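The chain contents come next:
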Amino acid sequence: MVIDANYQSVALSHFAKAANLTLISVGSDGNIEFANPSVCTLFGYDSDEMVGQPITIIIPERMRGAHMAGLARVAAGEKPNLAGKTVEVPAVKKDGSEFPIEITLSVWSGPRGFCAGAIIKDISERRERDNKLMRLASQDTLTGLHNRHQFLSHVGDHLSSREPATVIFVDLDGFKEVNDTHGHATGDALLQAVGVRLQYLLRQDAIVARLGGDEFAVLLPGSVDPLKAHAEATEILGAFRKPFHLGGLVLDLGASIGIAIAPQHGADADELVASADFALYRAKASGGGCCRLFYHSMRSEAQARRAIRDELRQALQDGQLRLYYQPQVRLDTAQPIGFEALIRWHHPERGVLAPGAFLPALEQSTLALDIGWWTLDEACRVSAWLNSRGDTYKIGVKPVSDSVPSIELPGQSPRRS
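Quick notes on the rules
- Residues numbered from 1 in each chain as written.
- Predicted model: local features only at pLDDT ≥ 70, side-chain atom pairs only at ≥ 80, totals over all residues.
- Heavy atoms only, no water.
- Axes fitted to C-alpha atoms, helices over the stretch in contact; angles between N-to-C directions.
- Helix = DSSP H or I, 4+ residues; strand = E, 2+ residues; numbered from the N terminus.
- Parallel < 35°, antiparallel > 145°, perpendicular 65-115°, else oblique.
- Left-handed = near helix turned anticlockwise from the far one by under 90°.
- Contact = heavy atoms within 4.5 Å.
- Nonpolar A, V, L, I, M, F, W, Y, C, P; charged D, E, K, R; others polar.
- Pairing = 2+ DSSP bridges.
- Salt bridge = Lys/Arg side-chain N within 4 Å of Asp/Glu carboxyl O.
- Buried < 20%, exposed > 50% of the residue type's maximum accessible area, 1.4 Å probe, protein only.

### Structural notes on the packing of helix α8 (residues 184-201) against helix α9 (residues 226-239)
Then comes step 1: At a minimum axis distance of 11 Å, the contact between α8 and α9 shows a crossing angle of 135°. By the angle between their directions, the pair α8 and α9 is classed as oblique. Remark: the crossing between α8 and α9 carries right-handed chirality. On α9, the residues that touch Arg197, Leu198 and Leu201 of α8 are Glu235, Ile236 and Ala239.
Then comes step 2: Classifying every residue of the contact of α8 with α9 by side-chain character gives four nonpolar, no polar and two charged.

Structure below.
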């Protein structure tokens, strides 16, 4: 069956006009040769307002030069790079409003030479969904504050423009006890209340973020005065002296604060935030409920602690830790009644180290728990050997670190500190 070429052309034209697809084609001169009803509706034109007009009527002015240069290269015989590909570009409607579109380009040779066509799709709704996801990606979903990523971005923006700024880290003291006692729902509500209180307390241009867990951060743009930063931190501490009232509960919280000031404490966002974190560590190590300003020796101290922890981790694996047992005797009979287990580190280069030389580095480290369990296991092994002939010697084991939670053994009553 032979189909007349003119019939084919008419059929294709009717199909293009009836299709829901948004179709447009241009000739080698850059003028629109065909625009179906869908494309006219999309851009707000009538068909006769589009056909014969340059394709630039739907291209934003700032991008017209690049579009026309590309069209001219293809018309001159250069292979089109975008043929068959789907790309996202901005477009402009008749009323001048811009919106995002997705176009799939095709190129062919017609009776009058080079032609190009495109299937166009309005992606405004998709972009809005993407923007919403971006907002969620930059926002802490629990408190509505900025999240860590967005906070670092703000800090980086200020520092890259050479604007002075102060970063304040706030860590909640006592939050874990509230969470453990009253449940996660109450803990979440408390975090939300903390976010509200911080925003209400601080100046209007302050940027408040929740970095995760019970740690918050504040960026004070334009602030370089340590005394003013300390005053802001003191005000935050004062605000935490007031209890939080949540659903009939009256909850007390404290706070520890670390302060770092740009540019002297950090030339980029990561360095400045790390400096504030070092200062926060010092505040918590001082017992909490206080603020500390970063000074540069904190960084070297932190690096030294990290180096000791790395060595200790290897020491635990290599059997360099030992327990020594100090007898406990009755004064009236001088008979031993037990022993106290004392940990020592047989360092391959520094010799035998007492606990004071390495245990402070374990504060707020999970390695403290590993060494604590090893200490307990080793003391129990020795206790079993000592008492294997019916003796009842007791062995006392001191906690490795104050940050290690109390351990309850089977058959043992929970001890209250």
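From this point, things continue past the structure.
### Here's the deal with the sheet that holds strand β6 (residues 165-173)
Then comes step 1: Strand order in the open sheet formed by five strands is β7-β8-β6-β11-β12, and the pairing between neighbours is mixed. At either end of the open sheet lies a strand with only one pairing partner, and these are β7 (207-212) and β12 (291-293). Within the sheet, the average angular offset between the axes of one strand and its neighbour, ignoring direction, is 20°.
Then comes step 2: Relative to strand β8 (residues 215-221), β7 is paired through five bridges, and the arrangement is antiparallel. In the strand pairing of β8, Val208 is matched with Val218.
Then comes step 3: Docked against the sheet, helix α6 (residues 148-160) engages β6, β7, β8 and β11 (254-262), running at close to 20° with respect to β8.
Then comes step 4: The sheet strands contacting α8 are β6, β7 and β8, and the helix crosses β8 at an angle near 15°.

### Here we look at the pattern of salt bridges
Then comes step 1: One pass over the full model with this rule turns up 15 salt bridges.
Then comes step 2: Arg210 is paired through a salt bridge with Asp140; the nearest N and O atoms lie 2.9 Å apart. In this pair, Arg210 is assigned in strand β7 and Asp140 in the loop between α5 (124-137) and α6, connecting sequence segments 70 residues apart.
Then comes step 3: Taking relative accessible area as the criterion, Arg210 reaches 13% and is therefore assigned buried.
Then comes step 4: With a shortest N-O distance of 2.6 Å, Asp205 and Arg203 are connected by a salt bridge.
Then comes step 5: Take Asp205: its relative accessible area is 39%, and that puts it in the partly exposed class.
Then comes step 6: Linked through salt bridges whose partners overlap, the residues forming this network are Glu88, Glu102, Arg126 and Arg127.

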